[in-house]
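Close look at the chain arrangement
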Amino acid sequence: MNLYGIEVASRLWLGTARYPSPAILGDAVRASGTDIVTVSLRRESGTQRGGQDFWSIIRGLGVRVLPNTAGCHSVKEAVTTAQMARDIFQTSWIKLEVIGEVDTLQPDVFGLVEAANVLCADGFEVFPYTTDDLVVAERLLEAGCRVLMPWGAPIGTGMGLNNLFGLRALRAHFPEVPLIVDAGIGRPSHAAAAMELGYDGVLLNTAVAMAGDPVVMAGAFAQAVEAGRAAFLAQPMECRDIATPSTPLLGKAWLE
Ligand SMILES: CC(=O)[C@@H](O)[C@H](O)COP(=O)(O)O
């Protein structure tokens, strides 16, 4: 898929937080086959994760970094964080998060649109973490976003795809816009379901980082995303209310 002029092969993108160790993070990234990881500037740049060590591990993975503004609750904070990320990572890509509510961590969609306008005007290539609201999606595209990242469910819940209707509607309304489900995915089957809906990819963190075996789980997600994409391209059958025998009756067996 083409994102802001860059050809991206991987449809599974990973977050880099909450892994048991940097070595396991590296192994999970390799097992996932991803070529994009997202990094939170606010959470990872402190001393807690080793500062420079953490950056060098990420750089050593040889994947594209999509910095994010996780943990930002205001437009000002998100814009400043994005500007710092651009300097540090030498990229104009930014996954824009403006959190509006602490219990659900749901996006503040008003702040999100405002921040997207500011950042797009400043030359950023914005990947907005949004809800499944069609009107907000329109506003983000008007602001200059060329990719949308609607949530599956609140971050870290692992609930999967909470609003299938909303996600289907977004896909149907914006057939040409790359759509990546971001957040709330808990199991490989959720990722496969998103891909079967025709989504272009999924971004997840907690489901891999907090699994009993993150490396095996990363591989399982890779297979699920591939299977879901293949199923979408193969055009799944429609659901029906009425049963249809899969073995046509050509005649009845005659028993004496
Ligand atoms: C890492 C990151 O960017 C998260 O904010 C992202 O939304 C992933 O969410 P999950 O941890 O629910 O997969």
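Worth saying up front: this structure is predicted, and the values here are computed from it rather than measured.

1. As for the site of the ligand
- Contacts to the ligand come from 14 residues, most closely from Gly156, Asp182, Gly184, Asn205 and Thr206.
- The contact in question runs from an oxygen atom of the ligand to an N or O atom on the backbone of glycine 156, over 2.7 Å.
- Threonine 206 is positioned such that a nitrogen or oxygen atom in its side chain is 2.4 Å from an oxygen atom of the ligand.
- Contact with the protein chains covers 94% of the free accessible surface of the ligand, which is 360 Å².
- The class makeup of the residues in the shell around the ligand is four nonpolar, seven polar and three charged.

2. Thoughts on the side chain of asparagine 205
- Position of asparagine 205 among the secondary structure elements: in the loop between strand 10 (201-204) and helix 9 (206-209).
- Here asparagine 205 is in contact with Gly15, Thr16, Ala17 and Tyr19, once residues within four sequence places are set aside.

3. Topic: the UniProt feature "active site" (unreviewed entry) in the chain
- When the UniProt feature table is mapped onto this chain numbering, "active site" (unreviewed entry) sits at Lys95.
- Along the chain, lysine 95 turns up in strand 6 (residues 93-96).
- In contact with lysine 95, other than residues within four places in its own chain, are Thr38, Leu66, Pro67, Asn68, Thr69, Phe127, Tyr129, Met149, Asp182 and Leu203.

4. Re the packing of aromatic side chains
- Counted according to the given criterion, the structure contains three aromatic pairs.
- Among the aromatic residues, those joined into a ring-pair cluster are Tyr4, Trp13, Trp93 and Phe127.
- Between the NZ or CZ atom of arginine 64 and the centre of the ring of tryptophan 93, over which it lies, the distance is 4.8 Å.
- When the ring centre of tyrosine 199 is taken as reference, the NZ or CZ atom of arginine 171 above it lies at 5.9 Å.

5. A few points about the pattern of salt bridges
- Evaluated as defined, the whole model comprises six salt bridges.
- With a closest N to O distance of 2.8 Å, glutamate 97 and lysine 95 form a salt bridge.
- Aspartate 200 is paired through a salt bridge with arginine 171; the nearest N and O atoms lie 2.7 Å apart. Residue aspartate 200 is found in the loop between helix 8 (188-196) and strand 10, and its partner arginine 171 is found in helix 7 (residues 164-173); the two are separated by 29 residues along the sequence.
- Using a relative accessible area of 14% as the deciding quantity, one classes aspartate 200 as buried.
- Each of Lys95, Glu97 and Asp182 takes part in one network of salt bridges that share partners.

6. Considering helix 5 (residues 109-121)
- If you check helix 5, its first and last C-alpha atoms are 18 Å apart, about what 13 residues at 1.5 Å a residue would give, namely 18 Å.
- Along helix 5, the residues classified as buried are Val109, Gly111, Leu112, Val113, Ala115, Ala116, Leu119 and Cys120.
- As for helix 5, its buried residues are in contact with helix 4 (75-89), strand 6, strand 7 (125-130) and helix 6 (134-143).
- Of the residues flanking the start of helix 5, the one acting as N-cap is aspartate 108, its side-chain oxygen 3.1 Å from the backbone nitrogen of phenylalanine 110.

7. Overview of the layout of surface pockets
- There is about 240 Å³ of room inside the second largest pocket.
- Residues that form the lining of the second largest pocket fall into these classes: four nonpolar, one polar and three charged.

8. Some thoughts on the UniProt feature "binding site: 1-deoxy-D-xylulose 5-phosphate" (unreviewed entry) in the chain
- The feature "binding site: 1-deoxy-D-xylulose 5-phosphate" (unreviewed entry), as annotated in UniProt, sits at Gly156, Ala183, Gly184, Asn205 and Thr206 in this numbering. For this annotated set, covering 51 residues, all C-alpha atoms fall within 8.9 Å of each other, a compact arrangement in space.
- The exposure class of asparagine 205 is buried, given its relative accessible area of 18%.
- Within the fold, threonine 206 resides in helix 9.

What counts and what doesn't
Residue indices begin from 1 for each chain and proceed along its sequence in written order. Per-residue local features are limited, in this predicted model, to residues with pLDDT of at least 70; the limit for side-chain atom pairs, both in listing and counting, is 80 or more; totals at the level of whole chains, interfaces and linings are taken over all residues. In computing side-chain values, all of the structure's heavy atoms are included and hydrogens and water are not. Nearness of a residue to a molecule or strand requires only that one of the residue's heavy atoms be within 4 Å of it. Under the rule applied, a polar contact is a pair of N or O atoms within 3.5 Å (in protein, one hydrogen donor and one hydrogen acceptor; residues adjacent in sequence only if both atoms are side-chain atoms). Note on areas: Shrake-Rupley with a 1.4 Å probe; residue coverage comes only from the protein chains shown. Amino acid classes used here: Ala, Val, Leu, Ile, Met, Phe, Trp, Tyr, Cys and Pro are nonpolar; Asp, Glu, Lys and Arg are charged; the rest, including Gly, are polar. Runs of E in the DSSP output that reach at least two residues are strands. Runs of H or I that reach at least four are helices, and both are numbered from the N terminus. Any two residues whose heavy atoms approach within 4.5 Å are treated as being in contact. UniProt positions are given in the numbering used here, feature names are shortened, and annotations may be inferred rather than shown by experiment. Between rings of Phe, Tyr and Trp, where Trp is taken as its six-membered ring, a pair exists when centres lie within 6.5 Å; planes separated by under 30 degrees are stacked, by over 60 edge-to-face, and by other angles tilted. Geometrically, a charge over a ring is one whose NZ (Lys) or CZ (Arg) sits within 6 Å of the ring centre while staying within 35 degrees of the ring normal. We count a salt bridge whenever a side-chain nitrogen from Lys or Arg sits within 4 Å of a carboxyl oxygen from Asp or Glu. Think of it in three bands: with a 1.4 Å probe and only protein chains considered, a residue is buried below 20% of the maximum accessible area for its type, exposed above 50%, and partly exposed in between. To estimate the expected span of a helix, count its residues, drop one, and scale the result by 1.5 Å. Using only the protein atoms, space was sampled on a 1 Å grid; points where a 1.4 Å probe fits but cannot get out form cavities, open sets with protein on both sides within 12 Å along at least five of seven lines form pockets, and lining residues are those with an atom within 4 Å of a point. Grid points are joined across faces, edges and corners, and a volume is the space filled by probe spheres set on the points.

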